[in-house]
Amino acid sequence: MEKWSLMMLVVLLALTVRWAVSLGSYSGAGKPPMYGDYEAQRHWQEITYNLPIRQWYFNTSDNNLQYWGLDYPPLTAYHSFVCAYMLVLLAKLAGTVLVSFAACWLPFGTDVEQIMQM
(Lines give C-alpha, C1' and ligand atoms only; values in the text may rest on other atoms or scores of the structure.)
Protein backbone atom coordinates (compact mmCIF):
# COMPACT_ATOMS: atom_id res chain seq x y z
CA MET A 1 0.00 0.00 0.00
CA GLU A 2 2.91 2.36 0.71
CA LYS A 3 4.25 1.88 -2.82
CA TRP A 4 0.85 2.69 -4.29
CA SER A 5 0.61 5.93 -2.27
CA LEU A 6 4.12 6.94 -3.29
CA MET A 7 3.35 6.27 -6.94
CA MET A 8 0.13 8.27 -6.79
CA LEU A 9 2.06 11.14 -5.24
CA VAL A 10 4.67 11.01 -8.04
CA VAL A 11 1.99 10.93 -10.77
CA LEU A 12 0.07 13.82 -9.20
CA LEU A 13 3.28 15.83 -8.88
CA ALA A 14 4.14 15.18 -12.55
CA LEU A 15 0.66 16.22 -13.68
CA THR A 16 0.76 19.33 -11.49
CA VAL A 17 4.11 20.41 -12.92
CA ARG A 18 2.87 19.92 -16.50
CA TRP A 19 -0.30 21.85 -15.73
CA ALA A 20 1.63 24.71 -14.08
CA VAL A 21 4.03 24.99 -17.04
CA SER A 22 1.11 25.14 -19.47
CA LEU A 23 -0.28 28.24 -17.73
CA GLY A 24 2.75 30.36 -18.62
CA SER A 25 3.47 32.25 -21.80
CA TYR A 26 5.42 30.68 -24.65
CA SER A 27 8.73 31.81 -26.09
CA GLY A 28 7.35 33.26 -29.32
CA ALA A 29 4.43 35.19 -27.83
CA GLY A 30 3.81 38.38 -29.79
CA LYS A 31 6.27 37.43 -32.56
CA PRO A 32 5.86 35.74 -35.93
CA PRO A 33 5.67 31.98 -35.37
CA MET A 34 9.17 30.86 -36.40
CA TYR A 35 10.67 30.69 -32.90
CA GLY A 36 11.00 27.10 -31.79
CA ASP A 37 9.40 23.70 -31.78
CA TYR A 38 6.49 24.64 -29.52
CA GLU A 39 5.40 27.36 -31.95
CA ALA A 40 5.84 24.90 -34.84
CA GLN A 41 3.47 22.46 -33.15
CA ARG A 42 0.92 25.20 -32.52
CA HIS A 43 1.18 26.32 -36.17
CA TRP A 44 0.77 22.77 -37.52
CA GLN A 45 -2.21 22.22 -35.24
CA GLU A 46 -3.80 25.30 -36.78
CA ILE A 47 -3.06 24.03 -40.30
CA THR A 48 -4.48 20.56 -39.67
CA TYR A 49 -7.54 21.86 -37.85
CA ASN A 50 -8.46 24.73 -40.18
CA LEU A 51 -7.63 23.29 -43.62
CA PRO A 52 -9.26 20.37 -45.41
CA ILE A 53 -7.08 17.25 -45.31
CA ARG A 54 -6.52 17.37 -49.09
CA GLN A 55 -4.73 20.75 -48.68
CA TRP A 56 -2.32 19.81 -45.88
CA TYR A 57 0.62 19.00 -48.16
CA PHE A 58 -0.17 21.24 -51.15
CA ASN A 59 0.64 24.88 -51.76
CA THR A 60 -2.59 26.91 -51.89
CA SER A 61 -3.63 30.46 -51.15
CA ASP A 62 -4.56 29.28 -47.63
CA ASN A 63 -1.46 27.11 -47.08
CA ASN A 64 1.90 28.64 -48.01
CA LEU A 65 4.26 25.65 -47.93
CA GLN A 66 7.29 27.90 -48.40
CA TYR A 67 6.46 29.74 -45.17
CA TRP A 68 5.95 26.80 -42.82
CA GLY A 69 4.15 23.88 -44.36
CA LEU A 70 3.73 20.45 -42.84
CA ASP A 71 6.98 18.55 -43.16
CA TYR A 72 6.22 15.31 -41.35
CA PRO A 73 4.27 12.11 -42.16
CA PRO A 74 0.47 12.02 -42.28
CA LEU A 75 0.13 9.99 -39.07
CA THR A 76 1.82 12.80 -37.17
CA ALA A 77 -0.43 15.31 -38.95
CA TYR A 78 -3.48 13.40 -37.77
CA HIS A 79 -2.07 13.49 -34.23
CA SER A 80 -1.73 17.27 -34.54
CA PHE A 81 -5.32 17.41 -35.75
CA VAL A 82 -6.55 15.36 -32.76
CA CYS A 83 -4.58 17.57 -30.36
CA ALA A 84 -6.00 20.73 -31.97
CA TYR A 85 -9.52 19.31 -31.81
CA MET A 86 -9.05 18.52 -28.12
CA LEU A 87 -7.65 22.01 -27.57
CA VAL A 88 -10.75 23.55 -29.09
CA LEU A 89 -12.97 21.34 -26.94
CA LEU A 90 -11.09 21.97 -23.72
CA ALA A 91 -10.10 25.58 -24.51
CA LYS A 92 -6.77 25.09 -22.75
CA LEU A 93 -3.48 23.51 -23.79
CA ALA A 94 -3.24 21.89 -20.37
CA GLY A 95 -5.90 19.38 -21.40
CA THR A 96 -3.95 18.12 -24.42
CA VAL A 97 -0.77 17.81 -22.35
CA LEU A 98 -2.52 15.82 -19.63
CA VAL A 99 -4.28 13.52 -22.10
CA SER A 100 -1.05 12.88 -24.04
CA PHE A 101 0.76 12.15 -20.77
CA ALA A 102 -1.96 9.77 -19.63
CA ALA A 103 -2.14 8.03 -23.01
CA CYS A 104 1.60 7.41 -22.94
CA TRP A 105 1.91 6.19 -19.34
CA LEU A 106 -1.40 4.69 -18.20
CA PRO A 107 -1.13 1.51 -20.32
CA PHE A 108 1.97 0.57 -18.31
CA GLY A 109 0.25 1.05 -14.97
CA THR A 110 -1.47 -2.31 -14.73
CA ASP A 111 0.01 -3.19 -11.34
CA VAL A 112 2.08 -1.58 -8.58
CA GLU A 113 5.37 -3.24 -9.64
CA GLN A 114 5.13 -1.89 -13.18
CA ILE A 115 4.23 1.57 -11.88
CA MET A 116 7.28 1.55 -9.59
CA GLN A 117 9.51 0.62 -12.55
CA MET A 118 8.24 3.59 -14.54
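Residues numbered from 1 in each chain as written. Predicted model: local features only at pLDDT ≥ 70, side-chain atom pairs only at ≥ 80, totals over all residues. Heavy atoms only, no water.

Condition: UniProt positions are given in the numbering used here, feature names are shortened, and annotations may be inferred rather than shown by experiment.
An unreviewed UniProt entry lists the protein chain under the name Alpha-1,3-glucosyltransferase, with Chloebia gouldiae as the source organism. What the UniProt record of the protein chain gives under Sequence similarities (unreviewed entry) is the line "Belongs to the ALG6/ALG8 glucosyltransferase family."

### Thoughts on the overall build of the protein chain
Threshold: Only DSSP runs of H or I reaching four residues or more are called helices, and only runs of E reaching two or more are called strands; each is numbered from the N terminus. When a residue's accessible area, from a 1.4 Å probe over protein chains only, is under 20% of the maximum for its type it is buried; when over 50% it is exposed; and in between it is partly exposed. We call two residues in contact when some of their heavy atoms are within 4.5 Å. The Shrake-Rupley method, run with a 1.4 Å probe sphere, supplies the accessible areas, and residue values consider only the shown protein chains as cover.
Counting its secondary structure elements, the protein chain contains six helices and zero strands. When its helices and strands are written in sequence order, the protein chain yields α-α-α-α-α-α. Relative to its 118 residues, the protein chain shows a buried fraction of 25%. Partitioning the contacts of the protein chain with sequence separation of at least 6, the portion at a separation of at least 24 is 48%. Surface accessibility of the protein chain: about 8400 Å² in total, with carbon and sulfur atoms responsible for 66%.

### Looking at the layout of surface pockets
The condition that has to hold: Space inside and on the surface of the protein is sampled on a 1 Å grid over the protein atoms alone, with a cavity defined as a set of points where a 1.4 Å probe fits but cannot get out and a pocket as an open set with protein on both sides within 12 Å along at least 5 of 7 lines; lining residues have an atom within 4 Å of a point. Grid points are joined across faces, edges and corners, and a volume is the space filled by probe spheres set on the points. Gly counts as polar in this scheme, as do all residues outside two lists: the nonpolar Ala, Val, Leu, Ile, Met, Phe, Trp, Tyr, Cys and Pro, and the charged Asp, Glu, Lys and Arg.
Of the volumes computed, that of the largest pocket is approximately 590 Å³. Taken together, 26 residues make up the lining of the largest pocket; nearest its centre are Tyr38, Arg42, Gln45, Leu93 and Thr96. For the lining of the largest pocket, the elements supplying multiple residues, two or more each, are helix H1 (2–22), helix H2 (37–50), helix H4 (74–90) and helix H5 (93–105). Among the residues forming the lining of the largest pocket, the class breakdown is twelve nonpolar, eleven polar and three charged.

### Some points on the environment of Val97
Looking at the element boundaries, Val97 is found in helix H5. Judged by its relative accessible area of 29%, Val97 is partly exposed. Between the C-alpha atom of Val97 and that of Ser22, which follows or precedes it by 75 residues, the distance is 8.1 Å.

### Let's talk about a nonpolar patch on the surface
Counted only if it meets this: Exposure above 30% relative accessible area and the lack of any salt bridge qualify a residue for a patch; like charges then connect within 9 Å, and the nonpolar side chains Val, Leu, Ile, Met, Phe, Trp and Tyr within 5 Å. Salt bridges are counted wherever a side-chain nitrogen of Lys or Arg sits within 4 Å of a carboxyl oxygen of Asp or Glu.
The grouping of Tyr49, Phe81, Val82, Tyr85, Val88, Leu89 and Leu90 at the surface amounts to a nonpolar patch, some 630 Å² of accessible area in total. Mapped onto the elements of the fold, Val82 is located in helix H4. Taking relative accessible area as the criterion, Val82 reaches 42% and is therefore assigned partly exposed.

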